[in-house]
Amino acid sequence: MPYQPNSYYTSRRQQNWSRNQNTTRFVSAVKLGPVAHTVLVALMITVLGLIYLTQATRATSYDYESQKIDSQIAELNNQKSDLQIENARLTALDTVKDSAVARELTTPASTAFVEQ
Amino acid sequence: MKLELLQGSRSRILAAAILIIAVVFMGRLFYLQVIQHDYYVGLAEAEQIARFKIPAERGLIYAKNGETPVPLVLNETVYTVFADPVTVSEKEKVIATLRSVAGSNIRENFTDLLDKKDTRYQILATKLTRVQADKIKEESLSGIGFQAVSQRVYPEDKLAAQVLGFVNASGEGNYGLESYADNRLRGVDGLLQTVTDVRDVPLTIGDKNINLPAQDGDDVVLTLERNIQSRVEQALVDGAKRTGGTNVSALVMDPRNGKVLAMANLPTYSPAEYFKVTDVAAFNNDTISGPYEPGSDVKTYTMAVGIDKGVVKASDTFNNTDSIRVADRTISNAYKGITGEITFQTAMNWSLNTGFVTVAQRLGNGSEITREARDTMYEYFHNRLGLGELTGIELANEAKGIIISPEELDGNAVRYSNMAFGQGLDATMVQVSAGFSALINGGNYYQPTIIDGVMQDGVFEQNDAPQPTKKAVVSASTSRQIKEMTQIARTSGFGSVDKQGYYIGGKTGTSQVIKDGQYSEDETIATYLGFGGGDETEYVIMVKVAGEGKIMQGAQDALPIFTDISNWLLDYLKIAPKG
């Protein structure tokens, strides 16, 4: 009967664990079948889709905000133009000439220049 | 066995059928997605991507009030109210609302228009203000819509109408500055290309978005001084009433830089209601577009040439016989009786044609207007002082006028003898005024200009000070003598009408009108060309009065308008009397 060693020397390099490494492996007791995998993948894709939609919607909502602000700017510019026109009309020569102040003005009897 | 074979055959047939269908589908998909890719992408983009024009705002136009710009032309957004008669559900409410809010802006038959159910678009009211439009919008009337339109507004109404011109319904500038500077005022429209939602709200998603902002037109500031312009227009109205003139024009220029301070014409019009004008002559700016024979105003030019060439002085004399022979023609004075040995100053005072034909002769050999004399006159009149040449003023429809060169067959001695007293050539008021400014400002010719700068972010940015485009067109000595001669000419005849203590000079002009190729006996044009100021000459004024079938005289009809404007200007510009 040939010699049968009951123990073998295994070098550290050949060991699948080494110093300071865990020597136990976690093996889940839950086993997922192909259907569960498919469902999970589908769920992940759905979540990613929802995230995309949320971001796209948020970007679109910014566009609506921007549009609203643009409308306000346009409205304010219109009001500014209206006020400029009103101001120009109120200070137009014909308006000034017809004003109560202008009607009270009189021509000076004489004018003189003072040398400085 | 047979059954199995049959079953096998069915399976194969089914498989083959499915394969064929799959191939057909794949082929179709390949065709749609690969071969027709660009076509369907185009269709999709046309559906999803909108292109909006961002309209540029037309530039505003300002005059000056002293040194402060004041608006002459602004933009206003007005609204057109339209109806879709098919969808209008509350007709009575629409009628009542429009009547109470839109007033005179509604169309006369707008109630009938609402009944035109076979149409989808009817304009009910135009040119509503934003406030009016908002009031109507508050009523939430179904079937009623609004269209915003930008239009020009003129707070000073008719002021400087021919200088400004107008913008037509297509948005194009017509006449005046609006036409000349149309591209500059118009600006450049912007572009917004973007994916939109169903309500056409632009969205930032998409990779083909373009946003090119509009570049608004320049806000131009004119050299016109609002108060001077207004006063000149009033003086023209008064003058037209007094003289019966129907075509009256005036121009005020600063001879020190060529800036036009006022430019006015009668008849005139309201640019806001340009479409109501029945006679297009009202659109013309006669000061730049109406060449005419300037008449005796040009005697100042002839005298300046004589002095500058050293052939004559104001105190030199000639023998006046009230007529003078040139070739086969006899030229007579309009005013007769100042005969004998008289000075050229006297000829200027009485506007004697013979004196200035004599100057032209002295430019030649003393008794004839030789080719050399004609070349000299042409050199001064045309090349140096700009008669018969476009001045380049920044307004549309400037006319060139005509001055015949000695090179031409018609440029003979008779022609140039006539030109010596302002006939036989056509020039515009702006040409005559610009040349005269050079004669009395020391001899520098400034190109007339009407644009003083731009408004940039509400701040007036003035152009650099104008520089003479031609220097020393006459010597400083000649300029001084011409000023003195015209001052004496005015003082000797009309000095009492001026404010005392100022240096004011001028020359009358009464020119004949050519009708059917001949000088008319029953129509003349009156002009007055002069300057004023204290120690320094601050303004040149030119006035022209004419009327169909009317005899007008420079001294009686044009001079009083000059005096009216001049005396007012001395006060307005706070010019101190000369020391």
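Structure: above.
Conventions and cut-offs
Residues numbered from 1 in each chain as written. Chains lettered and ligands numbered in written order. Predicted model: local features only at pLDDT ≥ 70, side-chain atom pairs only at ≥ 80, totals over all residues. Heavy atoms only, no water. Phe/Tyr/Trp six-rings, centres within 6.5 Å; stacked < 30°, edge-to-face > 60°. Helix = DSSP H or I, 4+ residues; strand = E, 2+ residues; numbered from the N terminus. Buried < 20%, exposed > 50% of the residue type's maximum accessible area, 1.4 Å probe, protein only. Patch = residues over 30% accessible without salt bridge, like charges linked within 9 Å, V, L, I, M, F, W, Y side chains within 5 Å. Areas by Shrake-Rupley, 256 points an atom, 1.4 Å probe, with all protein chains shown as cover. Salt bridge = Lys/Arg side-chain N within 4 Å of Asp/Glu carboxyl O. Pairing = 2+ DSSP bridges. Axes fitted to C-alpha atoms, helices over the stretch in contact; angles between N-to-C directions. Contact = heavy atoms within 4.5 Å. Polar contact = N/O pair within 3.5 Å; in protein donor to acceptor, adjacent residues only side chain to side chain.

## Some thoughts on the packing of aromatic side chains
Residue and element names in this part refer to chain B. Evaluation of the coordinates by the stated rule reveals 16 aromatic pairs over all chains. Residues Phe166 and Tyr269 carry aromatic rings whose centres are separated by 6.3 Å and whose planes lie at 85 degrees to one another, so their mutual orientation is edge-to-face. With Phe166 in strand β6 (residues 166-167) and Tyr269 in the loop between β13 (260-266) and α10 (286-289), this pair connects stretches of sequence that are 103 residues apart. Phe166 sits in the buried class, given a relative accessible area of 5%. Taking the relative accessible area as the measure of exposure, Tyr269 reaches 3% and is therefore buried. When the ring of Trp568 is compared with that of Tyr572, the centres are 4.7 Å apart and the planes differ by 10 degrees; the resulting orientation is stacked.

## Quick word on unusual backbone geometry
All names here are of chain B. Put simply, Leu266 and Pro267 share a cis peptide bond, and its omega is 5 degrees. For Pro267, the location among the structural elements is in the loop between β13 and α10. Of note in the backbone geometry, Lys127 takes a positive phi value of approximately 55 degrees without being a glycine. Summarising the element assignment, Lys127 is placed in strand β4 (residues 122-128). Assessed through its relative accessible area of 40%, Lys127 is described here as partly exposed. Residue Asp157 is not a glycine yet carries a positive backbone phi of 55 degrees. You can see Asp157 is positioned in the loop between β5 (144-153) and α6 (161-164).

## Focus on a nonpolar patch on the surface
All names here are of chain A. On the surface, Val30, Leu32, Val35, Val39, Leu40 and Leu43 cluster together to form a nonpolar patch covering roughly 560 Å² of accessible area. Mapped onto the fold, Leu40 is located in helix α1 (residues 34-90). For Leu40, a relative accessible area of 39% corresponds to the partly exposed category.

## Looking at the sheet that holds β13 of chain B
Residues and elements named next belong to chain B. Read from one edge to the other, the open sheet built from five strands follows the order β13-β12-β22-β21-β20, with strand pairing classed as antiparallel. Of all the strands in the sheet, the pair left with one neighbour each is β13 and β20 (505-515). Between one strand and the next, the sheet's axes are offset by a mean angle of 10 degrees, whatever the strand orientation. The pairing of strand β12 (residues 247-253) with strand β22 (residues 537-546) spans seven bridges and is antiparallel. Looking at β22, one finds that Val252 is bridged to Ile541. Contacts between helix α16 (residues 429-440) and the sheet are confined to β12, β21 (518-533) and β22, with β22 contributing the most and set at about 150 degrees to the helix. Contacts from helix α18 (residues 554-572) reach β12, β20, β21 and β22, with the element oriented near 145 degrees to β22.

## Re the side chain of Asn265 of chain B
Residue and element names in this part refer to chain B. Looking at the element boundaries, Asn265 is found in strand β13. Within the local environment of Asn265, its side chain forms a polar contact with the side chain of Ser249, the two groups lying 2.7 Å apart. A polar contact of 3.2 Å, which involves the side chain of Asn265, links it to the backbone nitrogen of Asp286. If near-sequence neighbours (up to four positions away) are discounted, Asn265 is found in contact with Gln162, Leu236, Val248, Ser249, Asn284, Asn285, Asp286 and Thr287.

Limitation: the analysis is restricted to geometry and does not speak to function.
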